[in-house]
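# Coordinate analysis (summary)
The primary structure of each chain is shown beneath.
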Amino acid sequence: MVAQVIDGKAFAAKVRGQVADQVAKLKEENGITPGLAVVLVGEDPASQVYVRSKGKMTVEVGMNSYEHKLDVDTSEEDLLALIDKLNNDPAVHGILVQLPLPKHLNEDLVINSIDPAKDVDGFHISNVGLLGTGQKSMVPCTPLGCLMMLRDHHGSLSGMDAVVVGRSNIVGKPMAQLLLGDSCTVTIAHSRTKDLPEVVRRADIVVAAVGRPEMIPGDWIKEGATVIDVGINRIERDGKNKLVGDVDYASAAERAGAITPVPGGVGPMTIACLLANTLTACCRANALPEPEGLTA
């Protein structure tokens, strides 16, 4: 068996196209333009790249992009004051504070100061609780992207056996909640799970989000299973830097029915879902129908 490749890059482009269409409709019919504010503290190189990419794609889909770049030594008081200002700005529908923050800033305090309705990262404790109890929430972008790809590939996920390898608050836990919401039988596994290979082998769906390069070999994968690889790990191989996932792609692709590559799989979906979340937040703020297929 040779696995079907789930092309996250192409799927993300499709999602951005849907968002752009809905934004154009909002402008034409309601005179409303969704706005996304991104806050970057310091000059972390990777964060700068992400923020530039987010800003570019925000504008491309017709939204307003507001970037706030703060010095690395910005005080917590000043950062919280900016967030309060954005919370009260009706032109801003989504707020994202780029992580990681400098060590002198309390990430939990900062994230939980964002208005939950504008928390397009889905990290606010209120959104975590709403998602966990099956209520309407802002959904974390990466798990939402994974869910969209799974729904697109399978149609219904009802009754499928899913294993999420990784228990982070950003991916593992919300991913499990989303799969439960789609009526999967869900196991959250991790590095200390007893007989992890056997746990993974029984899964129809494997979501790997553990942050260890190529930790999951092909012989852990059930024949025909769908593998969603969230991992992005930089390793050196044959004297060259290479990006690999948490799954050994070559061996897993021989057993899986479908698999996401790294790069070009889950990664592009994260920004696409950030834009989708901003659109959803805008519609909710204006008591308008939410766009179909762009949220959980």
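Here we summarise the structure given alongside this text. (Residues numbered from 1 in each chain as written. Predicted model: local features only at pLDDT ≥ 70, side-chain atom pairs only at ≥ 80, totals over all residues. Heavy atoms only, no water.)

## Some words on the overall build of the protein chain
- Secondary structure assignment for the protein chain yields 10 helices and 11 strands.
- Looking at the 296 residues of the protein chain, the share that counts as buried comes to 48%.
- Taken as a whole, the protein chain presents about 13700 Å² of accessible surface, with 50% of it coming from carbon and sulfur. (Helix = DSSP H or I, 4+ residues; strand = E, 2+ residues; numbered from the N terminus. Buried < 20%, exposed > 50% of the residue type's maximum accessible area, 1.4 Å probe, protein only. Areas by Shrake-Rupley, 256 points an atom, 1.4 Å probe, with all protein chains shown as cover.)

## Looking at the environment of Val207
- Looking at the element boundaries, Val207 is found in strand β7 (residues 205-208).
- For Val207 and Asn112, which are 95 residues apart along the polypeptide, the C-alpha to C-alpha distance reads 27 Å.
- Among all residues touching Val207, those that are not within four sequence positions of it are Val163, Val164, Val165, Met175, Leu179, Ile228 and Val230. (Contact = heavy atoms within 4.5 Å.)

## Describing the nonpolar core
- Core analysis: the largest hydrophobic core is formed by 56 residues, its most contacted members being Val19 and Leu179.
- Among the secondary structure elements, those contributing two or more residues to this core are α1 (8-30), β2 (35-41), α2 (45-60), α6 (141-154), β5 (161-165), α7 (172-181), β7 and α10 (267-285).
- Broken down by element, the residue count for this core peaks at 11 residues, all from α10.
- Not counting chain neighbours up to four residues away, the residues in contact with Val19 comprise Val61, Met63, Leu275, Ala276, Leu279 and Leu294.
- If you look at the next biggest cluster of nonpolar residues, it comprises 21 residues, including Val199, Trp220, Val227 and Ala253. (Core = buried A, V, L, I, M, F, W, Y, C linked by side-chain atoms within 4.5 Å.)

## Let's talk about the sheet that holds strand β3 (residues 64-70)
- Read across the open sheet, the 3 strands follow the order β3-β2-β4; overall the sheet is parallel. Strands with a single pairing partner mark the edges of an open sheet, and in this sheet they are β3 and β4 (94-97). Averaged over all pairs of adjacent strands, the angle between their axes in this sheet comes to 15 degrees, without regard to strand direction.
- Of the pairings in the sheet, the one linking β2 to β4 comprises 4 bridges and is parallel in character. Directly across from Ala37, in β4, lies its bridge partner Ile95. (Pairing = 2+ DSSP bridges. Axes fitted to C-alpha atoms, helices over the stretch in contact; angles between N-to-C directions.)

## A look at the sheet that holds strand β8 (residues 226-229)
- On the basis of which strands lie adjacent, the open sheet formed by 6 strands has the order β1-β11-β8-β7-β5-β6 and parallel pairing. Two strands in the sheet have a free side with no partner beyond their single neighbour: β1 (4-5) and β6 (185-189).
- The pairing of β5 with β7 spans 4 bridges and is parallel. Paired with Val163 across the two strands is Val206, which belongs to β7.
- Together, β1, β7, β8 and β11 (258-259) form the strand contacts of α6, whose direction differs from that of β8 by roughly 160 degrees.
- Taken strand by strand, α7 contacts β5, β6 and β7, and its axis lies near 170 degrees from that of β5.

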